[in-house]
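# Secondary and tertiary structure notes
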Amino acid sequence: MEIIDFNENHVEQAWQLVENAFKNEQKTNKNLPDFSQTCDVKDELRFFARKKLGFAAVENGELLGFLCSYPPFMHCYGSPDESGVWSPLHAHGFKTEENTKVLKLLYQAAGEKWRNAGAKYHSITFFSHQKALQAALSQYGFGCRCADSMMDVNNIPENLTVQCRKILQFAKLQWNSLSSCGGFARLWQNILRRRRVFAC
């Protein structure tokens, strides 16, 4: 197995790994949209390849896994003068998620590359079913900064629902109203500014 720079030759296989991870998550989370409704994953993968901020684990021409990120950006997680990178769900994928050797080698190589690119922080977003990825990152000294959960509000336990409905209103947001969540993002940033923690 070789750990090499992620490049455009890996895009097709990488796209398949991302789709497989998404479909695995859909088995337990029925609230996820259809994979075709997500971002243009192949276009994003080509972008990651051009920016050269990722690695691929390859054996006999087969992509075993990859880990990429967006380029460093300033004001990372509300910090006034520090930069960081972010690896979203579609910026990594693994043929067998239980193969922690691949996960760790990719993470080690990518972490060094991100640091050399000037990133002081990084975060990696993963699906809840990716237990091996979570464990591999935790073994490298990273905890979990935040846990976002998607669930059907109709399945909230009755006793909690009665209490919550006195002060909260539940509604499904439409795509054109997502900007109304900006206030929550600012509140979350204020919380993170006061807590120096790593994210994975």
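Residues numbered from 1 in each chain as written. Predicted model: local features only at pLDDT ≥ 70, side-chain atom pairs only at ≥ 80, totals over all residues. Heavy atoms only, no water.

Here the focus is the sheet that holds strand 6 (residues 92-94). Strand order in the open sheet made by the 4 strands is 1-2-3-6, with antiparallel pairing throughout. The strands lining the two open edges of the sheet, one partner per strand, are strand 1 (2-5) and strand 6. When strand polarity is set aside, the average angle formed by the axes of neighbouring strands in this sheet is 30°. Here strand 3 (residues 62-67) runs beside strand 6; their pairing, made up of 3 bridges, is antiparallel. (Pairing = 2+ DSSP bridges. Helix = DSSP H or I, 4+ residues; strand = E, 2+ residues; numbered from the N terminus. Axes fitted to C-alpha atoms, helices over the stretch in contact; angles between N-to-C directions.)

Attention shifts here to the sheet that holds strand 4 (residues 73-74). If you trace the 3 strands from one edge of the open sheet to the other, you get 4-5-7, paired in mixed fashion. Looking at the sheet topology across the chains shown, the edges are occupied by strand 4 and strand 7 (121-124). Where strand 5 (residues 83-87) and strand 7 come together, 4 bridges link them in parallel fashion. The residue bridging Ser87 from the neighbouring strand is Ile124, located in strand 7. Against the sheet, helix 3 (residues 100-116) touches strand 5 and strand 7, its axis set at about 145° to strand 7. (Contact = heavy atoms within 4.5 Å.)

With that settled, the discussion passes to the nonpolar core. Burial of nonpolar side chains together is a common tendency in soluble globular proteins. Ranked by internal contacts, the top residues of the largest apolar core, which has 21 residues, are Leu67, Leu106 and Trp114. Elements supplying a minimum of two residues to this core: strand 2 (55-59), strand 3, helix 3 and helix 4 (131-139). When residues in this core are grouped by element, the largest group, 7 residues, is from helix 3. In this structure, Trp114 is in contact with Leu53, Leu67, Cys68, Ser69, Val85, Ser87, Ala119, His122 and Ile124, ignoring residues within four places of it in sequence. Counting 15 residues, the second largest nonpolar core, distinct from the first, contains Val11, Val41, Phe48 and Val58. (Core = buried A, V, L, I, M, F, W, Y, C linked by side-chain atoms within 4.5 Å. Buried < 20%, exposed > 50% of the residue type's maximum accessible area, 1.4 Å probe, protein only.)

A separate point is the packing of aromatic side chains. A full pass over the atoms with the stated rule returns 5 aromatic pairs. Arranged with centres 5.1 Å apart and planes meeting at 65°, the rings of Phe48 and Tyr70 form a pair that is edge-to-face. Residue Phe48 is found in helix 2 (residues 41-51), and its partner Tyr70 is found in the loop between strand 3 and strand 4; the two are separated by 22 residues along the sequence. Through a chain of ring-to-ring contacts, three or more aromatic side chains come together here, namely Phe47, Phe48, Tyr70 and Trp86. (Phe/Tyr/Trp six-rings, centres within 6.5 Å; stacked < 30°, edge-to-face > 60°.)

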